[in-house]
Amino acid sequence: MKKSLTLSLLLSAVLVTAAQAQATRTWVSGVGDDANPCSRTAPCKTFAGAISKTAVGGEIDTLDPGGFGAVTITKAITLDGTQNGLAGGSILVAGTPAITVNAPSNAVVTIRGLSLNGAGTGTVGINIIAAQAVHVEGCVIFEFNGRGISLANTSGNVSLFVRDSIIRNNAVDGVTSIPAGGTATVAIENSHIDQNAQQGFQANNNTKAAINNSTFNGNGNGVLVNQTNNSVDIESSTMSGNVTGLINGFGGGAPTTRISRCLIANNTTAGITINGGSVIGFSNNSVGDNPAGNAVSTSVAQQ
């Protein structure tokens, strides 16, 4: 009994010491070392090295514009790559995702001010499996051979917020929401999602999305909305220079897309293609100069 009690006390002391060793704010630098405590004066070298030394809800900051390696996020945390208000931190990968988010259902993750470069072989820029919410702010995501951002949660509702970001030149989609067993809420604002080989944004499998003040230019298709349980609201945005600007109901189903103050023009095949469901457009949209698909299915007078 005495040995058991002593062992329990020692184990408790180790756990307390480990918890105390995690800092609320840690730091990484291109000249750091993952053996360091990740303090400002003794930074780590990679995000993967720093994350185990950062407390739940804490923040990893970059000290210089170095490359900080792929990372799997398993808790609420912020990765902040900005220095003096400017984006500077980066992740360059080959054959893997740059960032994987597989966190508890109550975890809020923020990814800010990072350049994610797939260099043609990286698989996904940000691969979201589980979390409560993921905020992508002021990031550049490019040259992945899959998707720039993939939201593919298996249960619950996961929210994705993309603000002030550039997602371009990826071999599949810029952003895909395709929950496998749950639902998804997506908001895209003030972002450029351009020149991705398939879709700029694709909504699948119980996705509700709101897009504002963003561009979807030069993609395979600008926005693709699939299946019955999806709805997408697009406001003050441009879909131009794609094969098709907006596709609604691809592969069947009856989703609903609403557009307001949007420009859909100069796409090579069609402005709007409606395979099912409806595209509801207000009279303040400009849809034209496409070979076909220059009309919405339902027009609503501007109030």
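As a reminder, the structure under discussion sits directly above these lines.
It should be emphasised that the depicted structure is a prediction, and the values quoted were computed from it without experimental measurement.

Asks: I'd like to hear about the pattern of salt bridges, residue by residue, with values.
Replies: In the structure shown here, the tally under the stated rule is seven salt bridges. Where Glu 137 meets Arg 112, a salt bridge forms, and the shortest distance between an N and an O atom there is 3.0 Å. Of the two residues, Glu 137 is situated in strand E12 (residues 133–137) and Arg 112 in strand E9 (residues 108–112); the sequence distance between them amounts to 25 residues. Glu 235 is the partner of Arg 261 in a salt bridge, and the nearest nitrogen-oxygen pair spans 2.1 Å. Placement of Arg 261 in the loop between strand E27 (256–260) and strand E28 (263–265) and of Glu 235 in strand E24 (residues 231–235) is noted, with a sequence separation of 26 residues between them. Residue classification places Glu 235 among the partly exposed residues on the basis of a relative accessible area of 30%.

Asks: Give a description of the packing of aromatic side chains that names residues and reports values.
Replies: The relative placement of two aromatic rings is captured by the distance of their centres and the angle of their planes. Across all of its chains, the model carries one aromatic pair by this definition. Above the plane of the ring of Trp 27 lies Arg 40, whose end atom (NZ or CZ) is 4.6 Å from the centre. Taking NZ or CZ as reference, Arg 168 lies 4.6 Å from the ring centre of Phe 142, over its face.

Asks: I'd like to hear about the environment of Thr 183, residue by residue, with values.
Replies: Within the secondary structure layout, Thr 183 lies in strand E18 (residues 183–189). Residue class for Thr 183 comes out partly exposed when judged on its relative accessible area of 32%. When the C-alpha positions of Thr 183 and Asn 153 are compared, they lie 7.7 Å apart, and in sequence the two are 30 residues distant. Contacts of Thr 183, omitting those with residues within four sequence positions, involve Asn 153, Gly 156, Asn 157, Val 158 and Asn 206.

Asks: Could you give an account of unusual backbone geometry, with specific residues and numbers?
Replies: In this structure, Asn 205 takes a positive phi of about 50 degrees despite not being glycine. By the secondary structure assignment, Asn 205 is in the loop between strand E20 (199–203) and strand E21 (207–212). One non-glycine residue, Gln 227, adopts positive backbone phi at about 65 degrees. With respect to the helices and strands, Gln 227 occurs in the loop between strand E23 (221–226) and E24. Look at Gln 227 and you get partly exposed, because its relative accessible area is 32%.

Reading guide: rules and limits
- In every chain, residue numbers begin from 1 and rise along the written sequence.
- The predicted origin of the model limits local features to residues at a pLDDT of at least 70 and limits the giving and counting of side-chain atom pairs to 80 or more, whereas totals for whole chains, interfaces and linings rest on all residues.
- Note that water and hydrogens are dropped before the side-chain values are worked out from all heavy atoms of the structure.
- In what follows, salt bridge is the name for a side-chain nitrogen of Lys or Arg lying within 4 Å of a carboxyl oxygen of Asp or Glu.
- Strands here are runs of E lasting at least two residues and helices are runs of H or I lasting at least four, both read from the DSSP assignment and numbered beginning at the N terminus.
- Burial classes: relative accessible area under 20% of the type maximum marks a residue as buried, over 50% as exposed, and values in between as partly exposed (1.4 Å probe, protein chains only).
- Stacked, tilted and edge-to-face are the three classes assigned to paired rings of Phe, Tyr and Trp, where Trp is represented by its six-membered ring and a pair needs centres within 6.5 Å; plane angles under 30 degrees give stacked, over 60 edge-to-face, the rest tilted.
- Whether a charge sits over a ring comes down to the Lys NZ or Arg CZ being within 6 Å of the ring centre and within 35 degrees of the ring normal.
- A contact between two residues is defined here by any heavy atoms of the two lying within 4.5 Å.

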